[in-house]
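Single-letter residue listing:
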Amino acid sequence: MNCGNQFVETLRKIGYPKAAQLNGEDFDWLFETEEDKSFLEWFCGNVSEQHVLAEKELQAFDALLKSGKPILEAAALDEVLTTCKTLDSKSSGMEEEEEEVRKLQEEFQALQKIKNLKIHRRNKLQVMASTNSHTSLKLNDKAEEAAKILKEEQGIFTAINTKLNNELHSFTDRIKKLTFFFKFSDSEQGLRPHPVFLSQLALDKYLCQEEESTAALTSYTKKQFFQGISELVESSNEENFQLVDISKPLICDESNEVCKERLEMARLQMAYICAQHQLIQLKATDLSINSAVQWAETNLQSLKNKTFGKEENFEARISSLNSEISNIKKHLTQINDILPSLVKENAQLLNMPVVKGDFDLQIARQDYYTSRQDQVCDQLLKQKASFELLQLAYEIELRKHRDIHHLLENIIQDLKQNSNSLERRLEMMSEPLISQHAVPRNTIDSRDDASHRLYKLLEGETQKQQLFRTHKGMEQLSEKLKQDISSVQDRLSVASQEQSLFLSKLDSDLDALCDSLYCGGNQILLSNQELTEQLYQLEANVNKLNQLIMDLLADRKAKRKVLETNMQHQMERKLYVYFFKDEDYLKDIVEKLEHQSQAQTIGLED
């Protein structure tokens, strides 16, 4: 039995009224030393109900204190008792003998009680010894089991420790490799076989190649695109190659090549017009001479062959010839009006091949110029694309480096926090109050913050907080938490099973719904054939029912009208109502009617 339980049991024996409300484990901390235990043994062995004052004695003592009379204590009380004894001895000897006999009897009774008490204590100690031996055997078994568990836990802990050490070694090796990749000097670059990052690559060769390509490109452009080619290409527009109008005066600068070309083309047009004018005159004279010769020949032939007629024929012929001459003159005036414009148009069309050739030359030059421009642009776009690709690769790598930097900073902060918490735990575990106990205690020390926090965490907020927190209570709370966890796991497993059953049922219902909707095909059917037939039949039945109800209502109205007019039908209805609802009343009415009929028949007979 624990010391606290023994102390509470003694208080219960001597009649302490609030002993039932006390917990023995709360008083174990009072009897941890050997002196406290010896005091407890003396107190439990010597204190009994005789040493407890009754209420009357307490009231008499309080009254004595309130009276103010002196109270004898210690030596004064002993002197008074000795004087009383001497006076009593002088008074009577017989009384002394009687008192001695009485004292001997009382002493005998007291010794008898002590004997019985000692026997009782011996039996109690034997029981306690047997219980202690039994508990010691249990404790030995528990100690052996605890030693086995401790060995197993130590083995597991050593395995975990070795695994953790191996992981830490591998982690440190990886960190070293990573730091070797990130941190290196110029002298260490020769030791590195292959660069890891793009930023570690030397771009001198690439930049030299790009500079050489740009220099070659500039020299090529200077050769291909000489000075003034742009002006030459830009000058080949439509305004510089139009047909020259001779009627308009040309005012140009003689130093300008375009104006020179236009003047030359105007001269060619004028020469063409003059030549055409002379040609037309010569052709006209030639034709006139030829026509005169032909006319003379025809006239001579006619003169040779025929004789001259009358003068009237000559006059008629002269008038016809005059009319022909007037027509010819009109035709000539029309020709003279149209011919200069036609000659000018032909003169303007004379320079079309020249203009076409010049345009073809300019188009060829411009095509050549644009093809060379396209080549230069392609080369420049390639260079720009390479630069942009390199820049994009650098930006991506920079972003990755930033992300890695942030991750490493977070890891460093987490490691610092973990190291600080580990240091605090080690400091807390290194305290003598936690690590070593001279005497094992059941109650939790007030300075053991970790145990108190764990107890508070296990206890929660709903339960009533105890005055003294014990390790046994912590074990009970942990066992309760373990049971709660197992019960919650069981409920979760049951819920998961129910959920799986519900899901399987839902899947089967969904499959059945899909089968009913699709009917084995790929297209959904919004209406089921059987269901539609049943609905149509139900609708027909509803219509029939409505018709029957209407007929019934019409029949009811007709019968109600008949009942209102015919008294016999009303009487029959009442009899039917009595027959179905109140048979006794119907019997009484029938009997009354029978008696009345009998009385009437007797009266008629009389």
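Because the structure is predicted, anything quoted here is derived from the model rather than measured.

Describing the overall build of the protein chain
Move 1: Within the protein chain one finds 16 helices and zero strands.
Move 2: Every one of the 606 residues in the protein chain was classed for burial, and the buried ones make up 10%.
Move 3: Considering only contacts within the protein chain whose residues lie at least 6 apart along the sequence, 54% involve residues at least 24 apart.
Move 4: Total accessible area on the protein chain stands at roughly 51200 Å², and carbon and sulfur atoms take up 58% of it.

A few points about a negative patch on the surface
Move 1: A surface patch of negative charge is lined by D582, E583, D584, D588, E591 and E594.
Move 2: Note that E583 resides in helix α16 (residues 583–605).

Focus on the nonpolar core
Move 1: Core analysis: the biggest nonpolar cluster contains nine residues, these being F7, V8, L11, I14, F27, F31, L40, F43 and C44.
Move 2: Ignoring any residue separated from it by four or fewer positions in sequence, one finds F43 in contact with F7 and T10.

Observations regarding the layout of surface pockets
Move 1: Of the voids in this model, the largest pocket is the one considered here, and its volume is about 1100 Å³.
Move 2: Lining the largest pocket are 27 residues, and of these C44, G45, N46, L117 and R121 sit closest to its centre.
Move 3: When contributions to the lining of the largest pocket are tallied by element, the ones reaching two or more residues are α1 (3–13), α2 (34–46) and α5 (93–182).
Move 4: When residues in the lining of the largest pocket are grouped by element, the largest group, nine residues, is from α5.
Move 5: The residue makeup of the lining of the largest pocket, split by class, is eleven nonpolar, eight polar and eight charged.

Section: a positive patch on the surface
Move 1: A grouping of K13, K118, R121 and K124 is seen on the molecular surface, where their side chains present a positively charged patch.
Move 2: The element best represented in the positive patch is α5, accounting for three residues.
Move 3: Mapped onto the elements, K118 comes out in helix α5.
Move 4: Owing to a relative accessible area of 56%, K118 belongs among the exposed residues under this scheme.

Some thoughts on the side chain of T470
Move 1: Positionally, T470 belongs in the loop between α12 (449–459) and α13 (471–518).
Move 2: Owing to a relative accessible area of 3%, T470 belongs among the buried residues under this scheme.
Move 3: Other than its neighbours up to four places away in sequence, T470 contacts E25, N442, T443, I444 and Y455.

So, the environment of D36
Move 1: Relative to the helices and strands, D36 is located in helix α2.
Move 2: Note: C-alpha distance between D36 and C3 (33 residues apart in sequence) is 9.6 Å.
Move 3: Sequence-distant contacts of D36, that is, excluding residues within four places in its chain, are made with L30 and F31.

Things to note about the packing of aromatic side chains
Move 1: A full pass over the atoms with the stated rule returns one aromatic pair.
Move 2: Note on Y206 and F387: the rings are 6.1 Å apart at their centroids and 70° apart in plane angle, and the pair reads as edge-to-face. Highlighted residues: Y206 in helix α6 (residues 204–224) and F387 in helix α10 (residues 352–429), separated in sequence by 181 residues.
Move 3: A residue is classified by how much of its surface remains accessible, and Y206, at 21% relative accessible area, is partly exposed.
Move 4: Using a relative accessible area of 37% as the deciding quantity, one classes F387 as partly exposed.

So, a nonpolar patch on the surface
Move 1: Together, I404, L407, L408, I411, I412 and L415 make up an exposed nonpolar region whose accessible area comes to about 500 Å².
Move 2: Mapped onto the secondary structure, L407 falls in helix α10.

Considerations on the confidence of the model for the protein chain
Move 1: For the protein chain, per-residue confidence averages 78 on the pLDDT scale, and 81% of positions sit at 70 or higher.
Move 2: The weakest mean pLDDT in the protein chain belongs to helix α7 (residues 229–235) at 55; the strongest belongs to α13 at 88.
Move 3: Note that pLDDT drops below 50 for residues 185–191; the model gives that stretch two contacts with residues more than four away or on any other chain.
Move 4: Overall, residues 240–246 carries pLDDT values under 50, and its contacts beyond four positions in sequence, including any with other chains, amount to 21 contacts.

Quick notes on the packing of α1 against α2
Helix packing for two helices is described by the angle between their axes and how far apart those axes are.
Move 1: The geometry of α1 relative to α2 is characterised by a closest axis approach of 10 Å and an angle of 25° between their N-to-C directions. Considered as vectors, α1 and α2 are oriented roughly parallel to each other. Where α1 crosses over α2, the handedness of that crossing is left-handed. Packed against α1, whose contacting residues are C3, Q6, F7 and T10, the element α2 presents K37, L40, F43 and C44 at the interface.

Topic: the pattern of salt bridges
Move 1: Here the structure, examined in full by the defined rule, presents three salt bridges.
Move 2: The residue K356 makes a salt bridge to D360 at a minimum N-O spacing of 3.2 Å. Separated by four residues within a single helix, K356 and D360 lie in helix α10, roughly one turn from each other.
Move 3: The exposure class assigned to K356 is exposed, which follows from its relative accessible area of 54%.
Move 4: A salt bridge links K559 to D555; the shortest N-O distance between them is 3.8 Å. Linking K559 with D555, this pair stays in helix α14 (residues 529–565), spanning four residues, or about one helical turn.
Move 5: The partly exposed category is assigned to D555, whose relative accessible area is 36%.

Some points on the side chain of T10
Move 1: By the secondary structure assignment, T10 is in helix α1.
Move 2: Setting aside residues up to four positions removed in sequence, T10 forms contacts with F43 and C44.

Side note on the packing of α12 against α13
Move 1: It is the contact of α12 with α13, at a shortest axis distance of 9 Å, that shows an interaxial angle of 40°. When the interaxial angle is binned, α12 and α13 end up oblique. Along this stretch, α12 crosses α13, giving a crossing that reads as left-handed. For the pair formed by α12 and α13, the contact residues are S451, L454, Y455, L458 and E459 on the first element and G473, M474, L477, S478 and L481 on the second.
Move 2: For the contact of α12 with α13, the per-class residue count stands at six nonpolar, three polar and one charged.

Rules of the game
Residues numbered from 1 in each chain as written. Predicted model: local features only at pLDDT ≥ 70, side-chain atom pairs only at ≥ 80, totals over all residues. Heavy atoms only, no water. Helix = DSSP H or I, 4+ residues; strand = E, 2+ residues; numbered from the N terminus. Buried < 20%, exposed > 50% of the residue type's maximum accessible area, 1.4 Å probe, protein only. Contact = heavy atoms within 4.5 Å. Areas by Shrake-Rupley, 256 points an atom, 1.4 Å probe, with all protein chains shown as cover. Patch = residues over 30% accessible without salt bridge, like charges linked within 9 Å, V, L, I, M, F, W, Y side chains within 5 Å. Salt bridge = Lys/Arg side-chain N within 4 Å of Asp/Glu carboxyl O. Lys, Arg positive; Asp, Glu negative; His and termini not counted. Charge placed at Lys NZ, Arg CZ, Asp CG, Glu CD. Core = buried A, V, L, I, M, F, W, Y, C linked by side-chain atoms within 4.5 Å. 1 Å grid on protein atoms, 1.4 Å probe; cavity = no way out; pocket = protein on both sides within 12 Å on 5 of 7 lines; lining within 4 Å. Points joined across faces, edges and corners; volume = space filled by probe spheres on them. Nonpolar A, V, L, I, M, F, W, Y, C, P; charged D, E, K, R; others polar. Phe/Tyr/Trp six-rings, centres within 6.5 Å; stacked < 30°, edge-to-face > 60°. pLDDT = per-residue confidence, 0-100. Axes fitted to C-alpha atoms, helices over the stretch in contact; angles between N-to-C directions. Parallel < 35°, antiparallel > 145°, perpendicular 65-115°, else oblique. Left-handed = near helix turned anticlockwise from the far one by under 90°.

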